[in-house]
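Residues per chain are reported as follows:
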Amino acid sequence: MEQKNPFKMPKVLWFQLFLLALGYAFYSANRLSFGVGLKAVAASLSLTAVQLGTIGTIFTLGQALIDIPAGYLADRFGRKRMLIFGMVGLGCMTTCVTTSASFAGAALWRVCFGIFEGCWNIVMYSVAGSIFPAARAMLNGLMMTFYSIGAYVGPTYYGWSLERTGDWSVGLTHMGIATVIFGLLLIFGFKRKYTDTSTDIKRIHLIESIRTVGFNKVVWLGVLIQILNIIPYWGFASMGPYLFMTYKGFSPTEAGSFFGAIYGIGGLSGVVLGFFADRFGRKPTIICLSGLNALCAFLIFHVIPQTSAVLYIVGGLMGIGLHAIYVLGYTIAQDGVSTSQIGLATGIVGASSYFLSFFSGPLMGFLTTTLGHVAALDIIVVAFEACLFIVALLMKETQNRHLHEEHEA
């Protein structure tokens, strides 16, 4: 914990991090592919735009419900168990949603999907963020880099499968089964003595823990940053493919490739930007990236033609900002607490932000119906990223805050 160079970690620790990161790739492939199939799902289940937006983001409600319990229970009872439970469960739910015959059935399976993926997400960031605090943003960024690989491969494969078969359930079934197999292999790949480090929270009462973390200003700064970024993230990820296929004439393959570029290729720089945030600070990183997000979104929605290759480049640039800020929301909350409280801090950020991001899908559907799809995109994506830019200008730097407090004490 006192070392400053993460590259001097034992190889076995790097292998554990690799498995975490690879699991995040499976995770993102499952969660981001569903949006590509929404047009086909709408036709199959006879859904309205609001219902479509709801099932697109309702999984975040499940994630919000589990994030705080997941962080605490993992610290108290074992992170390895929660990681395996989450990975196997989200694979099962990806497969189960294909059995839906109505809006209610699809919504139920999507909520369950969110619960299981929340178990993985919060515990994964808790493990990655507690191994080397001096390189916290970089290691969290490493997770996001692999997330991006899955976010490209999943939608691209699913778009191809959907166009080839015409059946929205086939690709999801394949990915769900592959994810379950990977999750079961983690039983042998993860070593508990490495995943379950920093479990000091076992000696702290739950109410005391929540009180300590819940009234921490830095934690709630992380929450605010996460909310202002995650609503555009999921509003666009859930309804964007449907809107682009319906109003811009994208085919399933084109939509899969374009949104794969944003949510896949665009996030590959996570580890580099994490290093930048560790080296130069969280504040300047967020200022630059939120401004980039707002500008790129405006260009995509209003300026760049659909047939231009520049559209994919600008989409990739916006993906860089969306993913890096997502990581930094968790990182900032972790900056403000001790290692023993990282699980709860991460859980609070996840629960708060994902609860509100659930509404981005229905709101996107409502705005599309009432104001049109362009206005909906501008409000959910451009306006929220512009607000984040203002918050970043006003925030104080949080890097090494806890370490400085300990030194002064």
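Residues numbered from 1 in each chain as written. Predicted model: local features only at pLDDT ≥ 70, side-chain atom pairs only at ≥ 80, totals over all residues. Heavy atoms only, no water.

Notes on the confidence of the model for the chain
Phase 1 of the analysis: Of the residues in the chain, 89% have a pLDDT of 70 or more, and the chain-wide mean is 85.
Phase 2 of the analysis: Summarising per-element confidence for the chain, the mean pLDDT is lowest in helix α19 (residues 401–408) (46) and highest in helix α18 (residues 373–394) (96).
Phase 3 of the analysis: Of the regions scoring below 50 in pLDDT, residues 200–204 engages in 15 contacts with residues more than four places distant in sequence or in other chains.
Phase 4 of the analysis: Counting contacts from residues 402–409, a segment whose pLDDT is below 50, to residues more than four positions away or on other chains yields four contacts. (pLDDT = per-residue confidence, 0-100. Helix = DSSP H or I, 4+ residues; strand = E, 2+ residues; numbered from the N terminus. Contact = heavy atoms within 4.5 Å.)

Thoughts on the state of the cysteines
Phase 1 of the analysis: Under the definition given, this model contains zero disulfides.
Phase 2 of the analysis: Not part of a disulfide, C96 finds its nearest cysteine sulfur in C92, a span of 6.3 Å.
Phase 3 of the analysis: Its relative accessible area of 22% is what places C96 among the partly exposed residues.
Phase 4 of the analysis: Considering cysteine sulfurs only, C96 is the nearest to C112, which forms no disulfide, with 8.5 Å between them.
Phase 5 of the analysis: Residue C112 is classed as partly exposed on the basis of its relative accessible area of 21%. (Disulfide = S-S within 2.5 Å. Buried < 20%, exposed > 50% of the residue type's maximum accessible area, 1.4 Å probe, protein only.)

Some remarks on the packing of aromatic side chains
Phase 1 of the analysis: Per the counting criterion, the structure on display carries 26 aromatic pairs.
Phase 2 of the analysis: Judged by centre distance (4.8 Å) and plane angle (55°), the rings of Y24 and Y147 are tilted. Here Y24 is found in helix α1 (residues 11–33), whereas its partner Y147 is found in helix α7 (residues 136–165), with 123 residues between them in sequence.
Phase 3 of the analysis: By relative accessible area, Y24 is classed as buried at 0%. (Phe/Tyr/Trp six-rings, centres within 6.5 Å; stacked < 30°, edge-to-face > 60°.)

Notes on the packing of helix α11 (residues 217–247) against helix α14 (residues 282–302)
Phase 1 of the analysis: Close contact between α11 and α14 brings their axes to 13 Å; oriented N to C, the two are set at 20°. Classified by the angle between their axes, α11 and α14 sit roughly parallel to one another. Between α11 and α14 the crossing geometry is left-handed. Across from I225, N229, F236 and F244 in α11, the residues of α14 making contact are I286, N293, I300 and F301.
Phase 2 of the analysis: Partitioning the contact of α11 with α14 into residue classes produces six nonpolar, two polar and no charged. (Axes fitted to C-alpha atoms, helices over the stretch in contact; angles between N-to-C directions. Parallel < 35°, antiparallel > 145°, perpendicular 65-115°, else oblique. Left-handed = near helix turned anticlockwise from the far one by under 90°. Nonpolar A, V, L, I, M, F, W, Y, C, P; charged D, E, K, R; others polar.)

Things to note about the packing of α11 against helix α12 (residues 252–263)
Phase 1 of the analysis: Closest axis-to-axis distance for the α11/α12 pair is 9 Å, and the angle between their directions is 160°. Relative to α12, the element α11 lies roughly antiparallel. As for how α11 packs across α12, the hand of that crossing is right-handed. In this structure, α11 contributes P232, Y233, F236, A237, G240, P241, F244 and M245 to the contact, and α12 contributes P252, A255, F258, F259, I262 and Y263.
Phase 2 of the analysis: Its residues assigned to classes, the contact of α11 with α12 comprises 13 nonpolar, one polar and no charged.

Remarks on the nonpolar core
Phase 1 of the analysis: Ranked by size, the top nonpolar core spans 111 residues in total, and within it Y24, W120, M143, F236, F244 and Y263 carry the most contacts.
Phase 2 of the analysis: Looking at this core, you find at least three residues from each of domain 1 (10–194) and domain 2 (205–398).
Phase 3 of the analysis: Excluding anything up to four places from it in sequence, F236 contacts P241, F244, F259, I262, Y263, F301, M318, M364, L377 and V381. (Core = buried A, V, L, I, M, F, W, Y, C linked by side-chain atoms within 4.5 Å. Domains from an automatic or database assignment.)

Focus on the environment of T339
Phase 1 of the analysis: Here T339 shows up in the loop between α15 (310–335) and α16 (342–357).
Phase 2 of the analysis: On a C-alpha basis, the gap between T339 and S126 in space is 9.2 Å, while along the polypeptide they are 213 residues apart.

Re helix α2 (residues 38–45)
Phase 1 of the analysis: Along α2, the positions that sit buried rather than exposed are L38, V41, A42 and L45. The arc enclosing the buried residues of α2, seen along the axis, measures out at 100°, which places them on a common side.
Phase 2 of the analysis: Once α2 finishes, S46 follows within two positions and takes phi at roughly 55°, a positive value. (Arc of directions from axis to C-beta.)

Structural notes on a nonpolar patch on the surface
Phase 1 of the analysis: Together, I177, I181, L184, L185, I187 and F188 line one region of the surface with nonpolar side chains, adding up to about 610 Å² of accessible area.
Phase 2 of the analysis: The class of F188 is exposed, set by a relative accessible area of 64%. (Patch = residues over 30% accessible without salt bridge, like charges linked within 9 Å, V, L, I, M, F, W, Y side chains within 5 Å. Areas by Shrake-Rupley, 256 points an atom, 1.4 Å probe, with all protein chains shown as cover. Salt bridge = Lys/Arg side-chain N within 4 Å of Asp/Glu carboxyl O.)

A few points about the environment of Y24
Phase 1 of the analysis: Spatially, the C-alpha atoms of Y24 and M124 are 8.3 Å apart, while their sequence positions differ by 100 residues.
Phase 2 of the analysis: Discounting chain neighbours no more than four positions away, the residues touching Y24 are W120, N121, M124, Y125, M143, M144, Y147 and Y326.

A few points about helix α13 (residues 270–280)
Phase 1 of the analysis: Three or more residues of α13 are buried, namely G270, L273, G274, A277 and D278. Taken around the axis of α13, the buried residues stretch over an arc of 145°, which confines them to a single face. The exposed set on the far side of α13, more than 90 degrees from its buried face, consists of V272, R279 and F280.
Phase 2 of the analysis: Backbone geometry just after α13 places G281 at a positive phi near 115°.

Some words on the side chain of T94
Phase 1 of the analysis: By the element assignment, T94 lies in helix α5 (residues 79–96).
Phase 2 of the analysis: For T94, a relative accessible area of 3% puts it in the buried group.
Phase 3 of the analysis: Separated by 2.8 Å, the side chains of T94 and N30 make a polar contact.
Phase 4 of the analysis: Among all residues touching T94, those that are not within four sequence positions of it are N30, F113, L172 and G176. (Polar contact = N/O pair within 3.5 Å; in protein donor to acceptor, adjacent residues only side chain to side chain.)

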